[in-house]
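A look at the structure
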Amino acid sequence: MIYTTPAAMRSIAASIRAGKGRAGMSAAYLRWKAEEVSARPTECLTDFVSPAVSGDPHDFFSEGPYWWPDPKNPGGPYIRRDGEFNPDRFEEHYRVLHVICEDTLTLMLAAYHLDERKYADAALSKLHAFFVDEKTRMNPHFEYGQAIRGVCSGRYIGIIDAKCLHRVIFALDILREMAIENETTAGMRQWIADMYNWLRTSKHGIGEKNHGNNHSTWYIALTIAMARFLGDEEGFAADCAFFCTLTEKQLSPDGAFTDETTRTNAFTYCCFNIIGAALICEMAHCAGVDLWNRDFGGGKSMSAVIRWIAPYFANPYSWPYKQINGAVGDAPMAMLAASVRLQDEAGRAAAKAALDARSAYDPWRNMMPIGSTEFYFAP
Amino acid sequence: MIYANEMTMQKIRDSLRAGKGMDAVHAAWLRWRADEAKAAPSLCVTDYPSPAASGDPHDYFSEGPYWWPDPKNPDGPYIRRDGETNPERYDLHPKALGAVCRDSFYLLLAAYHLGDKCGWAERAMERMHAFFLDPATKMNPNMNHGQAIRNLTPGRCFGIIEAVCMHNLIFALDLCTQLGIENDTVTGTKAWLAEFNHWLRTSPIGIGERDSHNNHSMWYTSLVMALARLLGHDDEFAEDCGRFENHMRRQLDEEGKFIDEAKRTNGFGYCCYNLSAAATACEIAHFAGRDYWNTDFDGRSMSKAVIWLRQYFANPYKWPYQQINGAVGDAPMAMAAAAVRLTDEAGQNAAKAALRSRAAYNPYRDSILGPTLFHLD
C-alpha cells in the first residue's frame, strides 16, 4: 500500500473490532463519523457558480488567501498580506473539495476497519458524483486555483490546495486492498492519471514543482502518491531524487527550512514543510526506499530537521522568528514517525521529546489511531 | 451533589446508555478508563518505605519538588530553585494517593453512568479500603510530613497541595450516595476524611496552608469547601466561603492577573493552576447555591481573570513573564465552566474563544468526561 502496510491495516482492524480499551473508543468514533458522513448530501463543484475565466462549472476555482484590496488603489489589483486570511475570498470549491476528500477516507477507513460494505458503497457514490459523473465531476486540473483579482486568473501556487487528494488516494488504495472494482474505481483511476499528467506536464505543474519551499515539497508528495498509485516506478524514483535535491537546497546546515523561517507565521510553516517531508519519507518507506536516514549532502538530513525543531516544541517561547497569529506549531505524526524511523539515537530522542512535550497540555495525544492527519502511520 | 447537579448527571447517564453518535464514543472512553483503573494495582503508602521523621510507615511523606542540594554546602540544607523539579525527590506517596483518588473516581463514574456490570464499584471499595482503612496498609489522616526538605524541615504546610487529588475521592463518595452504595468502606472513608478535615482546620500545618497567600490557599479553600459539603458542616462551609472571597480580593489585581502566580518562574502555568483552583471553588459554591462566578470582589472577578488569561491562550508568545519549563498554559475545564457560568458577554466570549482554540487537536473538547472535577449543567 501507499501510506501504510496491509499488515498494519489488519492489525488496527483487529484491535478496533475487538473493541477493548482505547480501540473501543476508536471503533465508536469511526462508526459515528461514518454515519454522519453517510447521511450528508454530497456537494460538488457544479453546485457553486464561480468566476473562473473558463466559464466551465467543472473547473475548480479559488482565490489566494492572503490577497486583499489595495487601499491606495481600490478597484485595482489586490495586494499581499502574508498570514492574513481574506474572509471575502471565494472558497466554496476549496471547502467542498476538502469535505469530499475527508469524507471519502473516513468512509473507507470505516468500511475496512468495521468490515462494513455499506460505507464503501457510500464512498464510491460520493467519489462518482464528485470526480466521475459527467454532470457534476471536477475537471482533473487546477488551472484556476489561487486566482488574484486584477492580477491573474489562476496561479501554480494554487496546486498546494490539491494536497487534500492524499485522502482520496488513500481511500482508493483501501478499495484496492478490499478488492473492490467497478465503473467508479475505473473512473477514479483515469481521473488520477489525468491529474498526474497535468501536474507533470502543464505550465502550472512545472512551475509549482520548481517554486521551492513547502509548495515544492507538497507537490512532490502528491506526485509520489500518484506515481505509486498508478504504478509509475520511473516517476516515483525521479521524484525521490528530486525530493533529496530540493530538501538539501531548502535546509540550512543545522536543519532549518530557510524558506519557511522568513514567513509571518514561520513556526506553523516550518511544521507544514516538515509534515510534507515526513509524508514523503513514509511513502518511500512503504515502497522500500529509506529517505528518513538519507544524507542529502553536507550532513543535511531528516534527523537534523527533527533535532532543529524539537526544542521549539518543548519551549515555544524560544521561537526566534515570527508567528503573528499566535499559534503554536505542531507536527505530531511526523514526530511519531521520526521516533521510530530515524536510525540515529539523537534524532529519535529529539522526536520522542517533541512527543512528550505535547502531552502536558494535550491529554488526547495518540488517543486515536485514526486522526485527521495527512497520513496513517504504520510502525 | 457537591460537584454536579443530579438531574444533569441523570441526563448524561441516559444519553451515554442510549449511546447515539458521539455518546457512544464518550461511553467507550469511560469504559476504557474504568477498565484501566480496575486493573491498576492497589498500592498504598506502606508499600513505599519513606524517610518520614516519625518513622511511621502509615505517615504520608513527600519532598518539596523545587528543592536541591546546595553546591556551596553539599551536606547542608537543600536550597530552592523555583520551577525546577528535582527528579530525585521522593514522590511515591503523592503518586499512590493520586492514583487511588483518580481510579476510585473513574470506577464509580463508570458504575454510575454505564451501570456496574464489571465489578467497578467493588474494585473501588477494595482500593479505598486498602489505602485508607486497612490497619496494615492505611494512610494516617494527616500530612505532617508533606513536602519535607532535606536537612531543613521534616514537613511543611505546602505539602497539603498534594491533597488536591482528594477532590476526585470526594466526588467518588458523592457518586456512592447516588448509587445507594452503603457499606463499611464508604462509611469508613468518610470518617477518614472527617479526621483529615479536622487536621486541616486545626493543626499548625493545616492552618499554615490555610493562611498561605497564593494557589496553595486557593486550593486549600476549595478542598475544605468540598469536605464541609461532604460532611454536612454548614458552619465550616460558610467560613470557607468567606475565605474564598478574601482570596479573590487579595490574589487578583483589577485587570484579572493573579499577582503572586505571575511572578513565578513558570508564571503562565501557575496562573492557569490558580484559575483552576478558583473555578473549582466557584463550582462547589454554585451547587451550594452561591454564585461566585458573577460576583464583584472589590473590582476583582472571575470574568476578569478569564479575560486576562485568555489573551495568552490566544497568543502564548505574548506571555510577558517567565515560563522556564517552556510549557504553554491551559485551563480547559475552568474555561468550559466559565463559558457556561459567566453572565457577562465579554467573559463568556473569552471563555468560548479559549475553548475553540483548543479544538483543532482536541476532539473531546465538548466531552463532559474529560479529566474533570466537575460536571456542568
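1. Considerations on the confidence of the model for chain B
Where the model shows low pLDDT, its predicted coordinates should not be examined in detail. Residues and elements named next belong to chain B. On average, residues of chain B score 92 in pLDDT, and 95% of them are at 70 or above. Confidence drops under pLDDT 50 across residues 359-377; counting only partners more than four residues distant or on other chains, this segment forms 66 contacts. Interface predicted TM-score (ipTM) for the complex: 0.86; the corresponding pTM is 0.91.

2. Section: the packing of aromatic side chains
Residues and elements named next belong to chain B. Under the counting rule described, the total for this entry stands at 37 aromatic pairs over all chains. Ring geometry for phenylalanine 132 and tryptophan 192: centres 4.7 Å apart, planes at 65°, overall edge-to-face. Of this pair, phenylalanine 132 sits in helix 4 (residues 120-133) while tryptophan 192 sits in helix 6 (residues 184-202), and the two are 60 residues apart along the sequence. Residue phenylalanine 132 is classed as buried on the basis of its relative accessible area, which comes to 1%.

3. Some details on the packing of helix 8 (residues 213-230) of chain A against helix 9 (residues 233-250) of chain A
All names here are of chain A. Interhelical geometry of helix 8 versus helix 9 gives an angle of 165° and a closest axis separation of 9 Å. Judged by the angle between their axes, helix 8 and helix 9 are roughly antiparallel. The handedness of the crossing between helix 8 and helix 9 comes out as left-handed. Here helix 8 contributes Asn213, Asn214, Ser216, Thr217, Ile220, Thr223, Ile224, Ala227 and Arg228 to the contact with helix 9, which in turn contributes Gly235, Phe236, Asp239, Cys240, Phe242, Phe243, Leu246 and Gln250. The residue inventory of the contact of helix 8 with helix 9, partitioned by class, reads eight nonpolar, seven polar and two charged.

4. A word on the nonpolar core
Ranked by internal contacts, the top residues of the largest apolar core, which has 120 residues, are Leu97(A), Phe131(A), Phe142(A), Leu165(A) and Ile309(A). When residues in this core are grouped by element, the largest group, 14 residues, is from helix 10 (residues 266-286) of chain A. Contact partners of Leu165(A), with chain neighbours within four places excluded, come to Leu97(A), Cys101(A), Phe131(A), Phe142(A), Trp191(A), Met195(A), Leu222(A) and Met226(A). Among the nonpolar cores identified, the runner-up in size contains 119 residues, and Ile12(B), Val25(B), Trp319(B) and Ala337(B) belong to it.

5. With respect to the pattern of salt bridges
Tallied over the full model, the rule gives 35 salt bridges over all chains. The partner of Arg341(A) in a salt bridge is Glu282(A), with the nearest N and O atoms 2.7 Å apart. Of the two residues, Arg341(A) sits in helix 12 (residues 332-341) while Glu282(A) sits in helix 10, which places them 59 residues apart along the sequence. Of the residues examined, Arg341(A) reaches a relative accessible area of 11% and is grouped as buried. Assessed through its relative accessible area of 2%, Glu282(A) is described here as buried. The closest approach of N and O atoms between Glu84(B) and Arg81(B), which form a salt bridge, is 2.9 Å. In this structure Glu84(B) comes out as partly exposed when scored by relative accessible area, which is 30%. Owing to a relative accessible area of 32%, Arg81(B) belongs among the partly exposed residues under this scheme.

The rules we used
Residues numbered from 1 in each chain as written. Chains lettered and ligands numbered in written order. Predicted model: local features only at pLDDT ≥ 70, side-chain atom pairs only at ≥ 80, totals over all residues. Heavy atoms only, no water. pLDDT = per-residue confidence, 0-100. Contact = heavy atoms within 4.5 Å. Phe/Tyr/Trp six-rings, centres within 6.5 Å; stacked < 30°, edge-to-face > 60°. Helix = DSSP H or I, 4+ residues; strand = E, 2+ residues; numbered from the N terminus. Buried < 20%, exposed > 50% of the residue type's maximum accessible area, 1.4 Å probe, protein only. Axes fitted to C-alpha atoms, helices over the stretch in contact; angles between N-to-C directions. Parallel < 35°, antiparallel > 145°, perpendicular 65-115°, else oblique. Left-handed = near helix turned anticlockwise from the far one by under 90°. Nonpolar A, V, L, I, M, F, W, Y, C, P; charged D, E, K, R; others polar. Core = buried A, V, L, I, M, F, W, Y, C linked by side-chain atoms within 4.5 Å. Salt bridge = Lys/Arg side-chain N within 4 Å of Asp/Glu carboxyl O.

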